[in-house]
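Chain and residue survey
Okay, here's what each chain looks like letter by letter:
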Amino acid sequence: MLLDGSFRRTLLARLLLSVGPSTAAALLVAAPGCGGEPEAAADIRCFEWFEELGACLDRDQALDELRTIYPKCEDYIESVESDATQREGVCCYEVTSRRNSDYCGVPGRPFMLEGHRHTAAPRAAEAGWLARGTASGSGGRQPSLADLTDEERETLADGWLRSALEEHASVASFARFSLDLMAHGAPSSLVEAAHIAALDEVGHARLGFSLASAYRGAPLGPAAFPMPPGLPVAADLVALARAVAEEGCVGETVAALVAAEQRARAEDPAVRAALEVIAEDEARHAELAWLTVAWAIGAGGEPVRRAVAEVFEAAAQSLRRPPLAEAEAPRGRPAALAAHGHLTGADLHALSSAAVAQVVLPCAHSLALWKPVVAAVTRFGYGPTSTSSVLSALECASAPKTPI
Ligand SMILES: [Fe+2]
Ligand SMILES: [Fe+2]
């Protein structure tokens, strides 16, 4: 699957030019490897709970509840691995999911802690995160609901709610990133950009919650974010750079490209306007991530470069994962849903893989942070078309100052 060509080429050029050939020349080539099977991903999931209801649900009940909350990702949570942790109105559980379902939410910068993704639980009748501008909180633009069935509205409400919760988590992620930068002596330009990016994510969350609310016909928002007490900053530059490479260079580059593709397929004006903003902002966030990695390598040297190289090697290996099997038939007409920005889990998986292959890895290659092995690429299972697109992108990316 190929991504929106114009946006992809422009983003690739921006990322390469933002770091520059002089930085690339200072870096060393990482030794690649390839292998490994799809892994189970650890995750923390929460839902809203009131003390008056007594203790949190047991594991079996919690699994049902979590799958109800995230119906679009019916097969996402495989099992609940821990008893509940109850705090500040939510019950949280450690769960196991399959890595090849990572794309059931819109990609973006996650809030990670000890290998777990954190998002807030959704909360009904929460109007504090709706976009400003009108009494309905739509920010001046409402999607057209006229041609949608009730089932399609519910599908779209679920999808945009899931996306909004991920954007909401990105606010917390950038807040922590700002502290990490401060703690390790980053230049003011990076600290400034991190704060601006956090505000961008507030806007993305508002747009998402507003669209979800419009499709649901009632306000939707986040419960309190499950922030752990004593949140640590990155222990050193290696940890900082590894996190930025994973969450920014991979996560936000993919997010920008997927949002651009969603926008290209969407027809509803309110949805297109929201995705226009998100795609452009995520592209800047991706640039910030690549710039941060370049700074961290310059400041921390070989150990940092090695840690970053491992991230891109893992991204290359992720291309070997099989496409996501849909857990359920689309709840609605695919064309009607796509017109409102909905992508299936399989679409997201394919687009995310294409984004990694066509932009992330070429950038990493051009910056001498990842060296492709053609034999490994051909084993990814995406056929000769994808393989050739990977190789042509690599060739294209090898001249960073040449307009693409
Ligand atoms: Fe975002
Ligand atoms: Fe972002």
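Scroll up to find the structure this text is about.
Residues numbered from 1 in each chain as written. Chains lettered and ligands numbered in written order. Predicted model: local features only at pLDDT ≥ 70, side-chain atom pairs only at ≥ 80, totals over all residues. Heavy atoms only, no water.

The next subject is the state of the cysteines. Overall, the coordinates contain 1 disulfide when judged by the stated rule. Two residues, Cys-56 and Cys-91, share a disulfide whose sulfurs are 1.9 Å apart. Looking down the S-S bond of the Cys-56 and Cys-91 bridge, the torsion is -85°, so its handedness is left-handed. Of this pair, Cys-56 sits in the loop between strand S1 (40-48) and helix H3 (59-69) while Cys-91 is found in strand S4 (residues 90-98), placing the two residues 35 residues apart along the sequence. Judged on exposure class, the residue Cys-56 and its partner Cys-91 are both buried. Of the cysteine sulfurs around Cys-249, a residue in no disulfide, the closest is that of Cys-363, at 8.7 Å. Among the residues examined, Cys-249 registers a relative accessible area of 0% and is labelled buried. Using a relative accessible area of 0% as the deciding quantity, one classes Cys-363 as buried. (Disulfide = S-S within 2.5 Å. Helix = DSSP H or I, 4+ residues; strand = E, 2+ residues; numbered from the N terminus. Buried < 20%, exposed > 50% of the residue type's maximum accessible area, 1.4 Å probe, protein only.)

Here the focus is the nonpolar core. Of all hydrophobic cores here, the largest spans 60 residues; its most connected members are Trp-290 and Phe-312. Counting only elements with at least two residues in this core, the list comes to helix H1 (5-19), helix H4 (150-183), helix H5 (188-216), helix H6 (237-265), helix H7 (269-300), helix H8 (302-318) and helix H10 (345-366). Counting residues per element, this core draws most heavily on H6, at 13 residues. (Core = buried A, V, L, I, M, F, W, Y, C linked by side-chain atoms within 4.5 Å.)

Next up on the list: the coordination of the iron ion (ligand 1). Ideal geometry at a metal centre: 109.5 degrees between donors when four sit tetrahedrally, and 90 or 180 degrees when six sit octahedrally. For the iron ion (ligand 1), every protein donor is listed as Glu-167 (OE), Glu-201 (OE), His-204 (ND1) and Glu-282 (OE), and the spread of their distances is 1.9 to 2.3 Å. Geometry at the iron ion (ligand 1) is irregular, judged from the 4 donor atoms that bind it and their angles of 89 to 136° at the metal. In primary-sequence terms, the residues that donate to the iron ion (ligand 1) follow E-x33-E-x2-H-x77-E. Between the two metals, the iron ion (ligand 1) and the iron ion (ligand 2), the spacing is 3.5 Å, and Glu-201 donates to both. You can see Glu-167 sitting in helix H4 and its partner Glu-201 sitting in helix H5, a full 34 residues away along the chain. For Glu-201, a relative accessible area of 0% corresponds to the buried category. (Donors = N, O, S within 2.8 Å, 3.2 Å for Na, K, Ca; no water. Tetrahedral: all angles 85-135°; square planar, octahedral: opposite > 155°, others 65-115°.)

So, on to the packing of aromatic side chains. With the rule as written, the count across this model stands at 4 aromatic pairs. Measuring from ring centre to ring centre gives 5.2 Å for Phe-111 and Phe-225, while their planes differ by 80°; the resulting arrangement is edge-to-face. Residue Phe-111 is located in strand S5 (residues 111-113), and its partner Phe-225 is located in the loop between strand S8 (220-222) and H6; the two are separated by 114 residues in the primary sequence. In terms of burial, Phe-111 and Phe-225 fall into one category: buried. With a centroid separation of 6.5 Å and 70° between ring planes, the pair formed by Trp-129 and Phe-209 is classed as edge-to-face. Of this pair, Trp-129 sits in the loop between strand S7 (122-124) and H4 while Phe-209 sits in helix H5, and the two are 80 residues apart along the sequence. Note on Trp-129: relative accessible area 22%, which makes it partly exposed. By relative accessible area, which is 0% here, Phe-209 ends up buried. (Phe/Tyr/Trp six-rings, centres within 6.5 Å; stacked < 30°, edge-to-face > 60°.)

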